2 protein chains.
Amino acid sequence: MSVRAPISGPEQLAAVLDAADGDVRSLVARAERRLADVAGVERHAGETLSAGGKRLRPILVFLCGGARRSDQLVHAGVAVELLHMATLVHDDVLDRATLRRGRPTVYAVGGPDAATATGDLLFSRAFAELSRTRSRDAVAALSAASSALARGELIQRQDAWSDAVTPERYLERCELKTARLFEAACRLGAMLGAPGSEAADLLGTFGSRVGIAFQIFDDVLDVSGPTARTGKPRGTDLLDGTVTLPLILARRRDPELRRLDLRSSVTDAAEAEALCDRIQATRALPEARDRALAFVTEAKAALRELDLPARQRLALELVADGVVERYA
Amino acid sequence: MSVRAPISGPEQLAAVLDAADGDVRSLVARAERRLADVAGVERHAGETLSAGGKRLRPILVFLCGGARRSDQLVHAGVAVELLHMATLVHDDVLDRATLRRGRPTVYAVGGPDAATATGDLLFSRAFAELSRTRSRDAVAALSAASSALARGELIQRQDAWSDAVTPERYLERCELKTARLFEAACRLGAMLGAPGSEAADLLGTFGSRVGIAFQIFDDVLDVSGPTARTGKPRGTDLLDGTVTLPLILARRRDPELRRLDLRSSVTDAAEAEALCDRIQATRALPEARDRALAFVTEAKAALRELDLPARQRLALELVADGVVERYA
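Rules used in this analysis
- Within any chain, residue numbers begin from 1 and follow the written order of that chain's sequence.
- Chain letters and ligand numbers both follow the written order, the letters beginning at A and the numbers at 1.
- Totals for whole chains, interfaces and linings use every residue, but because this is a predicted model, local features are given only for residues with pLDDT of at least 70 and side-chain atom pairs only at 80 or more, for both listing and counting.
- Hydrogens and water molecules were not included; the side-chain quantities draw on all heavy atoms of the structure.
- The secondary structure listing takes helices from DSSP runs of H or I that are at least 4 residues long and strands from runs of E that are at least 2 residues long, numbered from the N terminus.
- Radius of gyration means the value over C-alpha atoms here, while the globule rule gives 2.2 Å times the residue count to the 0.38 power.
- Exposure is judged per residue with a 1.4 Å probe applied to protein chains only, and the accessible area is read against the type maximum: over 50% gives exposed, under 20% gives buried, and values in between give partly exposed.
- Note on contacts: a residue pair is in contact if any heavy atoms of the two residues lie within 4.5 Å.
- A pair is scored as a salt bridge if a Lys or Arg side-chain nitrogen falls within 4 Å of a carboxyl oxygen belonging to Asp or Glu.
- Throughout, the bend at a residue refers to the angle made by two axes, fitted to the seven residues ending there and to the seven starting there.
- Only C-alpha atoms enter the line fits that serve as axes; for helices the fit covers just the stretch in contact. Angles between N-to-C directions range over 0 to 180 degrees.
- An angle below 35 degrees is read as roughly parallel, one above 145 as roughly antiparallel, one from 65 to 115 as roughly perpendicular, and any other as oblique.
- Definitions for this section: a left-handed crossing has its near helix turned counterclockwise from the far helix by less than a right angle. A right-handed crossing has that turn clockwise.
- We call Asp, Glu, Lys and Arg charged. Ala, Val, Leu, Ile, Met, Phe, Trp, Tyr, Cys and Pro are nonpolar, and the rest, Gly among them, are polar.
- Note: buried area is the sum, over both parts, of the accessible area (probe 1.4 Å) each one loses when the two are combined.
- Whenever a nitrogen or oxygen atom comes within 3.5 Å of another N or O atom, the pair is scored as a polar contact, on the condition that within protein one atom can donate a hydrogen and the other can accept it, and that pairs from neighbouring residues in sequence are kept only if both atoms are in side chains.

## Let's talk about the overall build of chain A
Counting secondary structure elements, chain A contains 17 helices and 2 strands. Its C-alpha radius of gyration of 19 Å places chain A within 12% of the 20 Å reference for a compact globule of 328 residues. Going through the 328 residues of chain A one by one, you find that 58% of them count as buried. Put simply, 74% of the contacts in chain A that link residues at least 6 apart link residues at least 24 apart.

In structure tokens:
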């Protein structure tokens, strides 16, 4: 199967921004400058920032905020991205990851101590930034997402290496670890861009479904590669003991995989690659992809219940489709 | 020198609560129940919670909030304590500490992964709790303190083992790591207990000075012990490479200490004990204590500029004195 540009690919993101109101591009630029002011001043946080990222979550804030230009939207977009960065920095400590986006992680450069403190700093700055919106509901939304993220992380660690993880349990983890922050981004945009509007719930549902699809595809890409696209060896998650949907589905299809003990059988990159091949042979990846597509469909259905301006709707649909396009 | 009960000692805290308005005791009880609801539901967070703590920061919130009973004060007190707990859990990861308050740390029970995620969860819950006050200024105050804490942690790690740490640099670290959260606790109490009052700045100054004195005495106790009082071996901080005021001052008095390389010379508990004896021999501890007393004096001076009810003033003075009484 061929792999097309992911949502992180410049041309796809450009398509989203082209479709959106022109103000969205300017909000993204303002958020980037503000991120440099807020995170760039501290060495390790600055390294994380300059390593880049697709800024997908701020873009969701701005797209859901509608056409309105607003300092509040910029603060919210920056806050969501800072929180996302904080979790990446802490995840890298937990995974002992030395590279991210092709650059050394804070963990690699500064060690676990600096990385833990840097993550804490980014967390704190996220809430400081959000307090500038002067919206109490915004803080409640982001802190709820942030709690969910941490609970998802705890569940992931509890379930590591387990052969008892069901698809439902896996989806619960995706919901906590990924979807809640996407949901919060969309809600923040809706509540700050058009206060009092009833769109926040539906846009929140849109974000949540896009987030789950995003995570499933991420886990598919971990198995399918190619490495040149994902920037990491195939099977990295499996090697860490993270039980993802492709493995769960493959185990249902292949009795030998059911008997495989992940912890003792997958101990190096070569064994991880071999397991990826074995999972692919079961055709579990198309099944996982179909499940993700169902969430994209749900996301778009939520949009259809809203009376959105055409450009806003198109841009949001492109984001939802972009998750799928990563793997076609 | 004899060591009396620290501010954590039950009888001293009882004296503070006796001096305060009766409502403060009831606010403390409500905060304790709320902490159980918020943190007790998750296993590791619950362990941290049930390990206890003197709840000094919530008490500061309530004392500065005046006589007014208020849900807002309880939320703020709980938020400050959750943030404090989050930093303890992360500190234990950084210090690889297996015991705190005589009980196994989350790091010891669940490993670094669970402890990092548990700290993140407590951080998130702190802001979720504070958002319930529906006060945007409250969130700004706590997130500023939280950022300061993380920066203080980064500075501490940067300065580890260094022989170039000046008293000024040490005090800057105390300010960031300890005093800002004490300051935030007092400010939150003032702003939520008596909105619009001009007391917040002066009570914030009070909290900040008490916090610095608190940290200096903590560092004195690390050198003086006794272990039975502090619950940890003497010189634990020095063994971790943390350069504290007693060592800085002792180095000025003892040329051999100036030449000592902390990293290579203090590598086990016995060497740490020996260094503590050597520091004590220089009489650096009384000098450090005098510096802390100067901050207690500043704290009480800030109180005198306020027209506080007699009971409230007395209770706050008892807190300030309690820091000193830990070591008399």
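So much for the structure itself; the text now carries on.
## Observations regarding the pattern of salt bridges
Following the criterion strictly, the structure yields 50 salt bridges over all chains and no others. Across the pair A:D95 and A:R157 runs a salt bridge, and its minimum N-O distance is 3.1 Å. One end of the pair, A:D95, is in the loop between α5 (71–94) and β1 (99–100); the other, A:R157, is in helix α7 (residues 136–158), with 62 residues separating them in the sequence. Taken together, the shared-partner salt bridges in this structure form one network comprising A:D91, A:D95, A:R96, A:E153, A:R157, A:K177 and B:D113.

## Description of helix α8 (residues 167–193) of chain B
Considering bend angle alone, the principal kink of α8(B) is centred on B:A179 and spans about 50°. α8(B) sits mainly inside the fold: 19 of its 27 residues count as buried.

## Regarding the packing of helix α9 (residues 199–224) of chain B against helix α16 (residues 284–304) of chain B
In helix packing, the relevant descriptors are the interaxial angle and the interaxial distance, both defined with respect to the helix axes. All names here are of chain B. One can describe the packing of α9 onto α16 by two numbers: an axis separation of 8 Å at closest approach and a directional angle of 165°. Relative to α16, the element α9 is oriented roughly antiparallel. Handedness of the crossing formed by α9 with α16: left-handed. For the contact of α9 with α16, the class distribution of residues is 18 nonpolar, 2 polar and 4 charged.

## Comments concerning the interface of chain B and chain A
Residue-level contacts link 31 residues of chain B with 31 residues of chain A. In total, chain B and chain A occlude about 2,900 Å² of area from one another, counting both sides; carbon and sulfur atoms represent 63% of this. Summed over the shared surface of chain B and chain A, the result is 6 salt bridges. Note that B:R157 is salt-bridged to A:D113, the shortest N-O span being 3.3 Å. On the surface where chain B and chain A come into contact, there are 10 residue pairs in polar contact (both at pLDDT 80 or more).

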